[in-house]
Number of protein chains: 4
Amino acid sequence: MNNLQYAKTVLEELNHTLMSINPEKADSFVELIDEANEIFCAGAGRSGFQVKGFAMRLMHMGKHSYVVGETCTPNIKEDGLLVICSGSGETKSLVNHASKAKEVGAKIALITINPESSIAKVADVVIEISAPSPKSAKEGDIQSIQPMGSLFEQSEGLFMDIAIMMLMERNHMDSDTMFGRHANME
Amino acid sequence: MNNLQYAKTVLEELNHTLMSINPEKADSFVELIDEANEIFCAGAGRSGFQVKGFAMRLMHMGKHSYVVGETCTPNIKEDGLLVICSGSGETKSLVNHASKAKEVGAKIALITINPESSIAKVADVVIEISAPSPKSAKEGDIQSIQPMGSLFEQSEGLFMDIAIMMLMERNHMDSDTMFGRHANME
Amino acid sequence: MNNLQYAKTVLEELNHTLMSINPEKADSFVELIDEANEIFCAGAGRSGFQVKGFAMRLMHMGKHSYVVGETCTPNIKEDGLLVICSGSGETKSLVNHASKAKEVGAKIALITINPESSIAKVADVVIEISAPSPKSAKEGDIQSIQPMGSLFEQSEGLFMDIAIMMLMERNHMDSDTMFGRHANME
Amino acid sequence: MNNLQYAKTVLEELNHTLMSINPEKADSFVELIDEANEIFCAGAGRSGFQVKGFAMRLMHMGKHSYVVGETCTPNIKEDGLLVICSGSGETKSLVNHASKAKEVGAKIALITINPESSIAKVADVVIEISAPSPKSAKEGDIQSIQPMGSLFEQSEGLFMDIAIMMLMERNHMDSDTMFGRHANME
């Protein structure tokens, strides 16, 4: 198959996952972001890269955003929001972060394949992505031609980019204002 | 607009960008990866996150892949390939990397909006993405409802995931084999 | 106090910590590194920066070294060695990494303030640094004028640089050969 | 040689480098930090790890500190300070950062072996470390038994830790207050 044939299938898969995301949950996700004083973003592996892209856009919007594990990330406090991207919802380090966030009274938003997971149980809002799990494919699961967690990772990235546009709309922001905060040393 | 309405437009935009990628160029890109002994991946900002996702999948395939700027990345040599993601094709640090790679006789693959850029001029293959540039919107440019370079970044990420499937097909690899190399500490 | 007065005290403190490191343990540490096929380095916060500096030097020596959590770090296997830097020896994510490493039969080397810690209990070699713990200062503890874990972090960094020289001596390596592997894109 | 013998020599070398740092320059460095509204820290390779450790401590002190290249680092502005660690003072990406910082009217502090370097020429304060350069050893150079830039990297790390204590003294801060800002998710 050539790149165009693969692209066609990937876009059909993304159409399925993105169109299945509950709009009320999406609104709650956006509201939590909008109200948070500080937003801490966490994810492992390729989900980590997607959530870093989100943290960067939040910075462009003038939000106090941080990536868990980066150098200048402070302690999370009561008025903080922890955004976790985790397909399984069971990644140990992320479960630890979630329980620490709960302990201090912070809020948690989770993007996951698994709405019954340990992190989902303590989250204030859960965005469910209908993508196959790389670890535990079961009968009846969503199908994907893509390897491992790729469909989930793409979908969470695109969903967070959509959430950015919803936040821009709520706050009457435009791309040029955001571009003004773009790092000038890179 | 709610998330589903935004999703519809984003998917239409991605359909445009992905379906405009030249299949012969895509094949050359995949071939360069397949033949390289060591693959060095470089990008700044959100393009950097996308190319890191690619570097990680290459590692899952058993390739010797590295991210420029990470701790254990060695010097690039004659048999190396440098994969650069840069919307403008002019990011100074990446222009420097490209000229160093050329100097030692390594090959260069570029994913960019700008096929006339400085990096494009020294690249062995250029994948052009028809997305608007955040810095220099001109009349006649591709339109996007998305802020800054988002459409480019999404498109390059999806294209590299498609390249992974083309590599898997060439090498008769499956998701389970790749999952076996997935980091077990994270 | 000016910088010279502080320097005098810091150097006295470092003289105390470095001169208290057990030479037999140091030899065992160096031997484990020398025999390992792949070396995985892990640490949080400022200890993480020190262990990354070690991972980089190991790469300069031609070793297969990785930093846990970086993009191209594969799964640890039976012939791997996990080097952990942790003052408390109780950092949750590092405890998880240690137990995963044990599970696959890999070896563990720990540099710590606390030789009774959870990680110390499963480690094959423990390098004890006589520095105060930032979290749980107790009577009889080592004193330092430095804040938080600074003395520990400095000492572990210097100890690992010393281990590099011991490895160079064992393998008849010199600085120029190592410099040849230094990243040429940075 | 065993670890204690190496330690003795390393400490003598550090005594030389740290005791040669000009106290007036050190005071100016500390003052620039104290007065800056935002502090951007940059370095490549092992110097990068040292300057990240400094950025983290500044965050613990309640300063707005950032690492150039990390996710949530914004654009540098007129009231910003750029702290660069570079042995040669010629690392291309860092020269670019320095010229961008100058362009917007920000201040620059440099820690280097080479006070005649390109970055030194545009810096507001230069801390010179009397350590050998890994790339261009010349007759009359400082000697070190350590490979590559190790003595420089250790010295800059210790100097910045000393600068932290000078800042604490100026601002009547103690370790416990700082520990309260330590990341609680890691």
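For the structure itself, look to the data block above.
Here the structure is a predicted model, which is why all the values come from computation and not from measurement.

1. Details of the sheet that holds strand β1 (residues 38-43) of chain D
Residue and element names in this part refer to chain D. Read across the sheet, five strands follow the order β2-β1-β3-β4-β5 without closing on themselves; strand pairing throughout is parallel. Looking at strand neighbours, the two that pair on one side only are β2 (65-67) and β5 (125-128), the edges of this open sheet. Along the sheet, successive strands turn relative to each other by an average axial angle of 15°, direction set aside. Relative to strand β3 (residues 80-85), β1 runs parallel, the two being bridged by six bridges. Across the sheet, Ile39 pairs through a bridge with Leu81, a residue of β3.

2. Topic: unusual backbone geometry
Even without glycine at this site, Met148 of chain B takes up a positive phi of about 45°. Following the sequence through the fold, Met148 of chain B ends up in the loop between β5 (125-128) and α6 (150-170). Positive phi outside glycine occurs at His172 of chain D, with the angle close to 50°. Secondary-structure assignment places His172 of chain D in the loop between α6 (150-170) and α7 (175-179). The class for His172 of chain D is exposed, based on a relative accessible area of 73%.

3. Some details on the relation of the copies chain A and chain D
Screw-axis analysis of chain A against chain D gives a translation of 0.0 Å along the axis, an RMSD of 0.0 Å, and a rotation angle of 180°. What we have between these two chains is a two-fold relation. Relative to the rotation axis, the C-alpha of Glu70 of chain A is the closest in chain A, positioned 3.7 Å from it. A shared interface surface links the copies, since 100% of the contact residues of chain A are contact residues in chain D too.

4. Focus on the interface of chain A and chain D
Chain A puts 27 residues into the contact, and the matching count from chain D is 27 residues. Together chain A and chain D conceal approximately 2,200 Å² of surface at their shared face, both sides included; 63% is due to carbon and sulfur atoms. Of all residues in chain A, the largest losses of buried area upon contact with chain D belong to Thr71, Asn184 and Met185 of chain A, amounting jointly to 35% of the total for that side. At the junction of chain A with chain D, the criterion picks out zero salt bridges. Our count for the chain A to chain D interface comes out at eight residue pairs in polar contact (both at pLDDT 80 or more). Ranked by residue count, the leading element in the side of chain A that touches chain D is helix α3 (residues 45-60) of chain A, at four residues. In terms of residue class, the side of chain A that touches chain D is built from 14 nonpolar, eight polar and five charged.

5. Concerning the relation of the copies chain B and chain A
Of the two same-sequence chains, chain B is brought onto chain A (RMSD 0.0 Å, axial shift 0.0 Å) by a rotation of 180°. Mapped onto chain A, 100% of the interface residues of chain B are again interface residues, and the two copies thus contact each other with one and the same surface.

6. Some words on helix α2 (residues 23-35) of chain B
Residues and elements named next belong to chain B. The terminal C-alpha atoms of α2, which comprises 13 residues, lie 18 Å apart, in line with the 18 Å expected from a rise of 1.5 Å per residue. Restricting attention to buried positions, one finds in α2 the residues Ala26, Phe29, Val30, Leu32 and Ile33. The buried residues of α2 occupy an angular sector of 155° when the element is viewed end-on, so they sit on one face. With respect to the buried face of α2, the exposed residues turned more than 90 degrees away are Glu24 and Glu35. Its side-chain oxygen 2.8 Å from the backbone nitrogen of Glu24, Asn22 forms the N-cap of α2.

7. As for the interface of chain B and chain A
Contact with chain B, which involves 53 residues of that partner, is made by 54 residues of chain A. Across the chain B to chain A interface the summed buried area is about 4,800 Å²; carbon plus sulfur atoms make up 69%. Our count for the chain B to chain A interface comes out at four salt bridges. The partner of Asp161 of chain B in a salt bridge is Arg46 of chain A, with the nearest N and O atoms 2.9 Å apart. Run the count over chain B and chain A and you get 18 residue pairs in polar contact (both at pLDDT 80 or more). Those elements that place two or more of their residues in the side of chain B that touches chain A are α1 (3-19), α2, α3 (45-60), α6 and α7 (175-179) of chain B. For the side of chain B that touches chain A, a count of residues per class yields 28 nonpolar, 16 polar and nine charged.

8. Quick word on the sheet that holds strand β5 (residues 125-128) of chain A
Residue and element names in this part refer to chain A. If you trace the five strands from one edge of the open sheet to the other, you get β2-β1-β3-β4-β5, paired in parallel fashion. Edge strands, defined here as strands with exactly one partner in the open sheet, are β2 (64-67) and β5. Neighbour-to-neighbour, the strand axes of the sheet open up by a mean angle of 15°, direction not taken into account. The sheet contact formed by strand β4 (residues 107-112) and β5 spans four bridges and is parallel. Along β5, the bridge assignment pairs Leu110 with Val126. Across the sheet, helix α2 (residues 23-35) is in contact with β1 (38-43), β3 (80-85), β4 and β5; its angle to β5 comes to roughly 130°. Running at roughly 160° to β3, helix α4 (residues 92-103) makes contact with β1, β3 and β4 of the sheet.

Reading the values: rules and limits
Residues numbered from 1 in each chain as written. Chains lettered and ligands numbered in written order. Predicted model: local features only at pLDDT ≥ 70, side-chain atom pairs only at ≥ 80, totals over all residues. Heavy atoms only, no water. Pairing = 2+ DSSP bridges. Helix = DSSP H or I, 4+ residues; strand = E, 2+ residues; numbered from the N terminus. Axes fitted to C-alpha atoms, helices over the stretch in contact; angles between N-to-C directions. Buried < 20%, exposed > 50% of the residue type's maximum accessible area, 1.4 Å probe, protein only. Least-squares fit on C-alpha atoms with pLDDT ≥ 70 in both. Contact = heavy atoms within 4.5 Å. Buried area = accessible area lost by both parts, 1.4 Å probe. Salt bridge = Lys/Arg side-chain N within 4 Å of Asp/Glu carboxyl O. Polar contact = N/O pair within 3.5 Å; in protein donor to acceptor, adjacent residues only side chain to side chain. Nonpolar A, V, L, I, M, F, W, Y, C, P; charged D, E, K, R; others polar. Expected span 1.5 Å × (residues − 1). Arc of directions from axis to C-beta.

These values are about where atoms sit, not about what they do.
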